[in-house]
Amino acid sequence: MQVDSYAYLPPNFEHSLKCDESATLAVFERRYAFLDNHITGHIVGSTDKQPLLETPGEVFELRKLLPASVPYDFNIHIMDFQPGEFLNVKEVHYNQHGLLLLEGQGIYRLGDSWYPVQAGDAIWMAPFVPQWYAALGKTRSRYLLYKDVNRNPL
Ligand code: UGY
Ligand code: MN
């Protein structure tokens with residue numbers, strides 16, 4: 001794996017990691033929610049090789065690291081904002097998020113609270129928490145967003 005690359009390991013996948021130099025690795029671990037006979041495959045990819053996706057009504061750039069298909073019970077979104085750009089939709093949804101701000105700085109609104117955030121900060125967003133982001137400063141904001149999908153939350 002190189003800088004900017006990622007891996008998805010299916011449930012019960014025997015694995016080990018070896019690193020010869022210092023590196024930062026963000027790990028999202030969850031219990032897989034099995035559904036019917038669906039199975040997921042082992043994926044190794046690179047963020048910059050993922051296509052930009054349509055974001056109707058929004059200005060940020062979006063890439064998804066995993067297939068959007070039913071077998072996958074979560075996805076990881078990479079979202080890029082230029083300084084001054086913001087989420088048009090003040091979102092409220094059942095999905096939870098784990099967010100890691102990889103680059104830049106801005107303001108995250110969660111419910112009625114507003115948080116200045118900068119690269120390295122992490123946020124957990126509970127189901128149904130109203131959420132909004134505006135990018136500030138002079139450089140691009142990039143964040144990595146865990147989102148549970150394709151399963152009944154109940
Ligand atoms: O896809 C999302 O739910 C995403 N737009 N949420 C967020 O950036 N807080
Ligand atoms: Mn969201």
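Residues numbered from 1 in each chain as written. Chains lettered and ligands numbered in written order. Predicted model: local features only at pLDDT ≥ 70, side-chain atom pairs only at ≥ 80, totals over all residues. Heavy atoms only, no water.

The name recorded for the protein chain in an unreviewed UniProt entry is (S)-ureidoglycine aminohydrolase, from Herrania umbratica.

Draft legend 1. Representation of the side chain of K147 within the structure. Inspection of the secondary structure assignment puts K147 in strand β10 (residues 141-148). One buried charged side chain, K147, makes no salt bridge at all; its nearest oppositely charged neighbour is E91, positioned 5.4 Å away. In this structure, K147 is in contact with F74, N75, H77, N95, Q96 and H97, ignoring residues within four places of it in sequence. (Helix = DSSP H or I, 4+ residues; strand = E, 2+ residues; numbered from the N terminus. Buried < 20%, exposed > 50% of the residue type's maximum accessible area, 1.4 Å probe, protein only. Lys, Arg positive; Asp, Glu negative; His and termini not counted. Salt bridge = Lys/Arg side-chain N within 4 Å of Asp/Glu carboxyl O. Contact = heavy atoms within 4.5 Å.)

Draft legend 2. Structural context of the coordination of the manganese ion (ligand 2). The protein atoms that coordinate the manganese ion (ligand 2) are E91 (OE), H93 (NE2), H97 (NE2) and Q131 (OE1), at distances of 2.1 to 2.2 Å. Metal-centred angles of 76 to 175 degrees between the six donor atoms at the manganese ion (ligand 2) mark the site as octahedral. Read in sequence order, the donor residues coordinating the manganese ion (ligand 2) give the pattern E-x1-H-x3-H-x33-Q. Highlighted residues: E91 in the loop between β4 (74-81) and β5 (97-103) and Q131 in strand β9 (residues 131-136), separated in sequence by 40 residues. (Donors = N, O, S within 2.8 Å, 3.2 Å for Na, K, Ca; no water. Tetrahedral: all angles 85-135°; square planar, octahedral: opposite > 155°, others 65-115°.)

Draft legend 3. The arrangement of the UniProt feature "domain: Cupin type-2" (unreviewed entry) in the protein chain in detail. The UniProt record annotates "domain: Cupin type-2" (unreviewed entry) at residues 78-144. For residues 78-144, helix accounts for 0% and strand for 55%, while the C-alpha atoms at its two ends are 5 Å apart. (UniProt positions renumbered as here; feature names shortened; annotations may be inferred.)

Draft legend 4. Main features of the site of ligand 1. The local shell around ligand 1 consists of H77, M79, L87, E91, H93, H97, Y108, Q131, Y143, L145 and K147. The side chain of Q131 places a nitrogen or oxygen atom 2.7 Å from a nitrogen atom of ligand 1. Within the side chain of Y143, an N or O atom sits 2.6 Å from an oxygen atom of ligand 1. Taken atom by atom, the bulk of ligand 1 overlaps the second largest pocket. Elements represented by at least two residues in the shell around ligand 1 include exactly β4 and β10. (Near = heavy atom within 4 Å. Polar contact = N/O pair within 3.5 Å; in protein donor to acceptor, adjacent residues only side chain to side chain. 1 Å grid on protein atoms, 1.4 Å probe; cavity = no way out; pocket = protein on both sides within 12 Å on 5 of 7 lines; lining within 4 Å. Sits in = over half its atoms within 2 Å of the grid points.)

Draft legend 5. Region of the structure containing the nonpolar core. If you look at the biggest cluster of nonpolar residues, it comprises 19 residues, and the most contacted ones within it are L87, Y108, Y133 and Y143. In terms of residue count, the dominant contributor to this core is β9 (four residues). Filtering out sequence-adjacent residues up to four positions away, Y143 remains in contact with H77, I78, M79, F81, L87, L99, L100, L101, L102, Y108 and Y133. Counting residues in each nonpolar core, the second largest holds 12 residues, with I43, L65, I76 and I78 among its members. (Core = buried A, V, L, I, M, F, W, Y, C linked by side-chain atoms within 4.5 Å.)

Draft legend 6. The sheet that holds strand β6 (residues 105-110), seen in detail. Spatial ordering of the open sheet is given by β7-β6-β9, a layout of three strands whose pairing is antiparallel. Only two strands of the sheet have a single neighbouring strand rather than two, namely β7 (113-118) and β9. Adjacent strand axes in the sheet meet at a mean angle of 20 degrees, parallel and antiparallel pairs treated alike. Of the strand pairs in this sheet, β6 and β9 are connected by six bridges, and their pairing is antiparallel. For Q105, the partnering residue across the bridge sits in β9 and is L136. (Pairing = 2+ DSSP bridges. Axes fitted to C-alpha atoms, helices over the stretch in contact; angles between N-to-C directions.)

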